[in-house]
Amino acid sequence: MKPFTHDIDWHETVIHIQDLYKSFGDNHVLQGVHLDLHRGENIVVLGRSGTGKSVLIKIIAGLLKPDSGTVRVLGQDVDQLDTAGLRDLRLKLGFCFQHGALYDSMTVCENLAFPLKRNEPGMTRAERDRRIDLVLEAVGLAHTKNQMPAELSGGQRKRIGIARTLILRPEIMLYDEPTAGLDPITCTEINNLINEVQGRFKTSSIIITHDLTCAKATGDNIAVMKEGRFIRQGNFNEVFSDGDELIREFYDYNFIQ
Ligand SMILES: Nc1ncnc2c1ncn2[C@@H]1O[C@H](COP(=O)(O)OP(=O)(O)OP(=O)(O)O)[C@@H](O)[C@H]1O
């Protein structure tokens, strides 16, 4: 299990979700979700395909409206925010998409400069270069600065994707299947990087995954979603205690290190 992270501030909740419901017609996707993410904490959300993990993330980012319930992010009720408020909030949320979402026609450096130019137009070139060097060093890929994404391995692309998210200094990281499609050694490297980011940048994170090894390595807490709600929450050992029939299915399709 992940060693206890001492930097978690259990008194400060950065995401508070209560009694969250969301349906699409007869498809009742979220049916009473509760979740508290504390400052500095990594929560892993485990759930099979189609259980509503992406819908939950979209509601947190204000991209989808819930039918009912409370969604408070960094002290603000998301459904009370106007367009400008939502834009400001989203700048504090760092999305790490499954496929890295890099621009293939730009170098690594240009990929990292792009969000800065768009969101921090007043920044000088020297400041931008410093910020780029810092995040590249943080993900261990300073030497790839002038390379094209096509020249990188899958694991390196993931790392650059994480660097590009970090460059805007988000308070909360949202990782969508960070280890999907990677070999076991690269998975371990990405899990370690997620923990390094947590320690170094003091981010709080929601990590969506099907990968139990990733859950065990990165989660301070694990929340297991089934049929629209979290059926188990706690640290890895609490959630995956022996003989729990409800979550046994996760062991059936995972190899756990
Ligand atoms: N905009 C939408 N309109 C209608 N139905 C939607 C919409 N978005 C999601 N759904 C439905 O909500 C359910 C949950 O989808 P969601 O994408 O959140 O699943 P998931 O848990 O993220 O799955 P996966 O692990 O495969 O990404 C699915 O049945 C999906 O069809």
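The rules behind each value
- Residues numbered from 1 in each chain as written.
- Predicted model: local features only at pLDDT ≥ 70, side-chain atom pairs only at ≥ 80, totals over all residues.
- Helix = DSSP H or I, 4+ residues; strand = E, 2+ residues; numbered from the N terminus.
- Rg over C-alpha atoms; globule rule 2.2 N^0.38 Å.
- Buried ≥ 20, exposed ≤ 12 C-beta atoms within 10 Å, placed from the backbone.
- Contact = placed C-beta atoms within 7 Å.
- Pairing = 2+ DSSP bridges.
- Near = placed C-beta within 6 Å.
- Nonpolar A, V, L, I, M, F, W, Y, C, P; charged D, E, K, R; others polar.

As annotated in an unreviewed UniProt entry, the protein chain carries the name Phospholipid/cholesterol/gamma-HCH transport system ATP-binding protein and is attributed to Chitinophaga japonensis.

**Q** Before we move on, can you summarise the overall build of the protein chain with the specific residues and values?
**A** Broken down by element type, the protein chain carries 9 helices and 10 strands. Its C-alpha atoms give the protein chain a radius of gyration of 18 Å, near enough to 18 Å, the size a compact globule of 257 residues would have. Along the first, second and third principal axes, the C-alpha atoms of the protein chain reach 55 × 45 × 35 Å. Taking all 257 residues of the protein chain together, 37% fall into the buried category. For the protein chain, the share of sequence-separated contacts (at least 6 apart) that also reach a separation of at least 24 residues comes to 70%.

**Q** Describe the pairing of strand 1 (residues 9-24), and please don't skip the residues or the numbers.
**A** Note that strand 1 and strand 2 (residues 27-39) share 10 bridges and pair antiparallel. The partner of Ile15 across the bridge, within strand 2, is Leu37.

**Q** Got a sec to walk through helix 3 (residues 108-119)? Specific residues and values, please.
**A** Turning to helix 3, its buried residues are Val108, Asn111, Leu112 and Ala113. Of the surrounding secondary structure, the elements contacted by the buried residues of helix 3 are helix 4 (125-138) and helix 5 (154-166).

**Q** Which residues make up the sheet that holds strand 2, and what are the values?
**A** If you walk across this open sheet you meet the 4 strands as 2-1-4-5, and the pairing is antiparallel. With partners counted over all chains shown, the strands left at the sheet margins are strand 2 and strand 5 (76-77), one partner each.

**Q** If you had to explain the environment of Gly50 to someone new, which residues and values would you point to?
**A** On the secondary structure map, Gly50 appears in the loop between strand 3 (42-47) and helix 1 (53-60). For Gly50, a count of 10 C-beta atoms within 10 Å puts it in the exposed group. Along the sequence, Gly50 and Gly228 sit 178 residues apart, while their C-alpha atoms lie 9.7 Å from each other.

**Q** Explain the site of the ligand to me, and be specific about the residues and the numbers.
**A** Around the ligand, the structure places Phe24, Asn27, Val29, Gly47, Ser49, Gly50, Thr51, Gly52, Lys53, Ser54 and Val55. Looking at the shell around the ligand, the elements that each hand over two or more residues are strand 2 and helix 1. For the shell around the ligand, the element with the highest residue contribution is helix 1, accounting for 3 residues. Of the residues belonging to the shell around the ligand, the class tally is 3 nonpolar, 7 polar and 1 charged.

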